[in-house]
Structures are given as structure tokens and as C-alpha cells.
Amino acid sequence: MPVWTGGKFGKGLTFDGVDDYVITGSRATTATDNFTIAAWFKTSSPTQEEKAIACNGDDSGGWCLMIRNSGKYSGLYGSVAWIDTTISVPTDTWSHFLM
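Let us look at the structure shown here.

Cut-offs applied
- Residues numbered from 1 in each chain as written.
- Predicted model: local features only at pLDDT ≥ 70, side-chain atom pairs only at ≥ 80, totals over all residues.
- Heavy atoms only, no water.
- 1 Å grid on protein atoms, 1.4 Å probe; cavity = no way out; pocket = protein on both sides within 12 Å on 5 of 7 lines; lining within 4 Å.
- Points joined across faces, edges and corners; volume = space filled by probe spheres on them.
- Helix = DSSP H or I, 4+ residues; strand = E, 2+ residues; numbered from the N terminus.
- Nonpolar A, V, L, I, M, F, W, Y, C, P; charged D, E, K, R; others polar.
- Patch = residues over 30% accessible without salt bridge, like charges linked within 9 Å, V, L, I, M, F, W, Y side chains within 5 Å.
- Areas by Shrake-Rupley, 256 points an atom, 1.4 Å probe, with all protein chains shown as cover.
- Salt bridge = Lys/Arg side-chain N within 4 Å of Asp/Glu carboxyl O.
- Buried < 20%, exposed > 50% of the residue type's maximum accessible area, 1.4 Å probe, protein only.

1. Structural notes on the layout of surface pockets
1) Next: Looking at the largest pocket, its volume works out to about 1,400 Å³.
2) Next: Along the walls of the largest pocket sit 31 residues, with Phe-15, Asp-20, Trp-40, Ala-52 and Ile-53 positioned nearest its centre.
3) Next: Elements with a minimum of two residues in the lining of the largest pocket: strand E2 (11-14), strand E3 (38-41) and strand E4 (51-58).
4) Next: Considered class by class, the residues forming the lining of the largest pocket number 17 nonpolar, 8 polar and 6 charged.

So this is what it looks like as C-alpha cells:
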């Protein structure tokens, strides 16, 4: 599980890069709400397997920021189809992903 640590502004979570995740306990928003979701992340292997950066819900209703096996950014909003991009995720570089 992630560990709280000091950050540049306040605190943040440290992840070990293996199997850490955060459960919010309830839906942060619904598919009909107007919202923006953003995440900073760094990966050493963007093309080895699909990676969920941040998700809430599932394909029938929710949202997800994802890295596909192709190493490209992808997003889901509501029950619409996945929105795949042509933008490659860089290796070993901090990236900002938002939808």
C-alpha cells in the first residue's frame, strides 16, 4: 500500500511501483458530472502491459486514465467507447495526464 510522505506542498503518496493503489471508498463523481481528473506518474515500462493510472467505476459507467499495451494514452468517460490517443507515454519521465 502507498505511504504518506512530505511533498513540495503538503503531503503526497509514495508508491513502490509494484502493486500499490488507492481506494476512495465511493465514487468520486458520476458520468454525468462535469469534472477534470489529472495525475502525475512515471513508468519505466509503458509498453509491457496495460496500466491503470486512475480509474473510478467500469466500462458501464465511470472514468479511467490508462496506458495501453501500445504505450499510448487512453481514456474512458461514462459508458462511451475508450478514447485512444496517438501520443506515446515517455519512459522514465514524469508525465501529466488529464481528462
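Alright, that's what it looks like, and here's the rest.
2. Considering a nonpolar patch on the surface
1) Next: Together, Trp-4, Leu-13, Phe-15 and Val-22 make up a nonpolar patch on the protein surface, roughly 420 Å² of accessible area in all.
2) Next: Along the polypeptide, Phe-15 turns up in the loop between E2 and E3.
3) Next: Residue classification places Phe-15 among the partly exposed residues on the basis of a relative accessible area of 44%.

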